[in-house]
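Per-entry structural report
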Amino acid sequence: TKGGYPHFMLKEIYEQPESLAFTVAGLEPAQLEAVANAVLSARNVYLVGAGTSYHAGLTLAYLLPRLRITAIPIISSEYAIYENLFDRDDVAIVVSQSGETIDTIKAARAMREKGVRVVAVTNVVGSTLSRESDATIYTRAGPEIGVAATKTFTTQVLTLGALYVTALSLLGYDVSQHVDEMKKVPDLARKTIENTAGTAKDLARRLRNRPSAYYLGRGAALPVAMEGALKLKEVAYIHAEAYSAGESKHGPIALVEPGFPTLFVFSDPQTREKTLSNVAEMKARGALTIGTVPAKSDYAKKLDVAIEVPEMGDVFAPIIHVIPLQMLAYFAAVERGYDPDKPRNLAKTVTVE
Ligand code: M6R
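Given the structure is predicted, the values throughout are model-derived calculations rather than measurements.

Below, the discussion takes up unusual backbone geometry. Excluding glycine, residues mostly have negative phi values, and the peptide bonds linking residues are mostly trans. Unusually for a residue other than glycine, Lys-296 sits at a positive phi of about 55°. Note that Lys-296 resides in the loop between β9 (288-294) and β10 (305-309). For Asn-345, which is not glycine, the phi dihedral falls at a positive 70°. Note that Asn-345 resides in the segment after α11 (317-335).

Here it is as structure tokens:
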């Protein structure tokens, strides 16, 4: 049941603090260490998934090069392009909420055939993907009924973040701050929901008749922008395009006219300053500038609409920054009279190629 919520999507957004706490509690240090060790000694690390699960894998793909690891993100349906790379010295982290997405299963099979060590990250115990992988890390988000992935995305990002932090600690780094942050994620997610729902709702009203929007981020913030844009398209049927903010002047800014919504994600501390110059460039064209920014920072002043979220380090920040974007998509769908639980043309699990 919807537990008093009008839609499953909203219920599942509000369940995130609880599901994230479950994920944290269920992490198995010995298993994470074994996988992190394999990642650290791999020749190539592939991050494989479709849709939202691809975006989750991307969050890790943006972090691994910091450890001098060659991380190659792969959209499941495109694995064949990389087939000649697959080798027994490689590790694949294959992300799938359902564990039944046919493109993802086929990618995992092709990799295993070549001797790649396949680690599944999935929410469903006993799923096809988990049965066919060398190891499985469960995300423990609980069942997700809404077609739009919400709590399953944030728990995937948390799981992959925990894997990254484990790798850092195996390399001898002091990870105490990361571990503290990870434990705080459920509580900060709750605060974020409480504090940003109103702004998301107001913004949804402003965007309801807009045909199009840009979602922008740099570096580790880009997967969050991509996920926000996918949600808006999927449930509110507003065209949304995500791209790396540095690309504006290479083409997309041509489309910007007064009032055009541009939504900036400030989740990556390393790229915030440069993102600010992209805000200014959009403002100069009269765009409506919106951003998810750390609370009590100066970034809010530079934007027309600031969505303030708790400050967080780069590993877990995507979880906190995506929450208002999920709510924006949800409220925009409702404002426009659509049922966000049943987006047209979409199934919860895609079992045909
Ligand atoms: O079950 P999976 O994670 O493998 O599903 C992959 C995608 O179909 C899925 O994430 C889809 O993009 C979401 N419904 C988007 O909200």
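Additional details are given in the paragraphs that follow.
With that out of the way, let us pick up the pattern of salt bridges. This structure, assessed with the given rule, holds 23 salt bridges. Asp-298 serves as the salt-bridge partner of Lys-301, at 2.8 Å between the closest nitrogen and oxygen. By relative accessible area, which is 66% here, Lys-301 ends up exposed. The partner of Lys-342 in a salt bridge is Asp-339, with the nearest N and O atoms 3.9 Å apart. A single salt-bridge network, built from bridges that share partners, covers Asp-187, Arg-190, Lys-191 and Glu-194.

Leu-64, Ile-93, Tyr-215 and Phe-316 are the most contacted members of the largest nonpolar core, which has 86 residues in total. No other element matches the 13 residues that α11 contributes to this core. Leaving out residues up to four positions away in the same chain, Ile-93 has contacts with Val-35, Val-39, Val-45, Tyr-46, Leu-47, Val-48, Val-119, Val-121, Leu-160 and Leu-163. Counting residues in each nonpolar core, the second largest holds 17 residues, with Ile-253, Val-256, Met-282 and Ala-300 among its members.

Time to look at the side chain of Thr-139. Mapped onto the elements, Thr-139 comes out in the loop between β5 (135-138) and α7 (151-170). Judged by relative accessible area, Thr-139 falls into the buried class, the value being 1%. Not counting residues up to four positions away in its chain, the partners in contact with Thr-139 are Thr-23, Val-121, Thr-122, Asn-123, Thr-155, Gln-156 and Thr-159.

On to the site of the ligand. Close to the ligand lie 14 residues; Ser-53, Ser-96, Ser-98, Thr-101 and Glu-234 are nearest. Interatomic distance of 2.7 Å between a backbone N/O atom of Gln-97 and an oxygen atom of the ligand. At 2.7 Å, a side-chain N or O of Glu-234 approaches an oxygen atom of the ligand. Relative to its unbound accessible area of 410 Å², the ligand is 91% covered by the protein chains. The set of elements that each furnish at least two residues to the shell around the ligand consists of α4 (51-61) and α9 (222-236). Its residues assigned to classes, the shell around the ligand comprises five nonpolar, seven polar and two charged.

This part takes up the packing of α7 against helix α8 (residues 176-207). Running from amino to carboxyl end, α7 crosses α8 at an angle of 165°, the nearest separation of the two axes being 11 Å. Overall, the two elements α7 and α8 adopt an arrangement that is roughly antiparallel. When the axes of α7 and α8 are compared, the crossing they make is left-handed. Residues Leu-158, Ala-162, Val-165 and Leu-168 of α7 pack against His-178, Val-179, Met-182 and Val-185 of α8.

Once that is clear, we can look at the packing of aromatic side chains. Applying the stated rule across the entire model yields seven aromatic pairs. Geometrically, the ring pair formed by Tyr-214 and Phe-260 is tilted, given 4.8 Å between the ring centres and 55° between the ring planes. Of this pair, Tyr-214 sits in strand β6 (residues 212-217) while Phe-260 sits in the loop between β7 (239-244) and β8 (261-265); the two residues are 46 residues apart in sequence, bridging distant segments of the chain. In this pair, the class of Tyr-214 matches that of Phe-260, namely buried.

Where helix α2 (residues 16-26) meets α7, the axes come as close as 9 Å, and the angle between the chain directions of the two elements is 30°. Between α2 and α7, the angle is such that the two are roughly parallel. Here α2 and α7 pass one another in a crossing that is right-handed. Facing α2, whose interface residues are Gln-16, Ser-19, Leu-20, Thr-23 and Val-24, α7 presents Lys-151, Thr-154, Thr-155, Leu-158 and Thr-159. A per-class count over the contact of α2 with α7 returns three nonpolar, six polar and one charged.

Conventions adopted
Residues numbered from 1 in each chain as written. Predicted model: local features only at pLDDT ≥ 70, side-chain atom pairs only at ≥ 80, totals over all residues. Heavy atoms only, no water. Helix = DSSP H or I, 4+ residues; strand = E, 2+ residues; numbered from the N terminus. Salt bridge = Lys/Arg side-chain N within 4 Å of Asp/Glu carboxyl O. Buried < 20%, exposed > 50% of the residue type's maximum accessible area, 1.4 Å probe, protein only. Core = buried A, V, L, I, M, F, W, Y, C linked by side-chain atoms within 4.5 Å. Contact = heavy atoms within 4.5 Å. Near = heavy atom within 4 Å. Polar contact = N/O pair within 3.5 Å; in protein donor to acceptor, adjacent residues only side chain to side chain. Areas by Shrake-Rupley, 256 points an atom, 1.4 Å probe, with all protein chains shown as cover. Nonpolar A, V, L, I, M, F, W, Y, C, P; charged D, E, K, R; others polar. Axes fitted to C-alpha atoms, helices over the stretch in contact; angles between N-to-C directions. Parallel < 35°, antiparallel > 145°, perpendicular 65-115°, else oblique. Left-handed = near helix turned anticlockwise from the far one by under 90°. Phe/Tyr/Trp six-rings, centres within 6.5 Å; stacked < 30°, edge-to-face > 60°.

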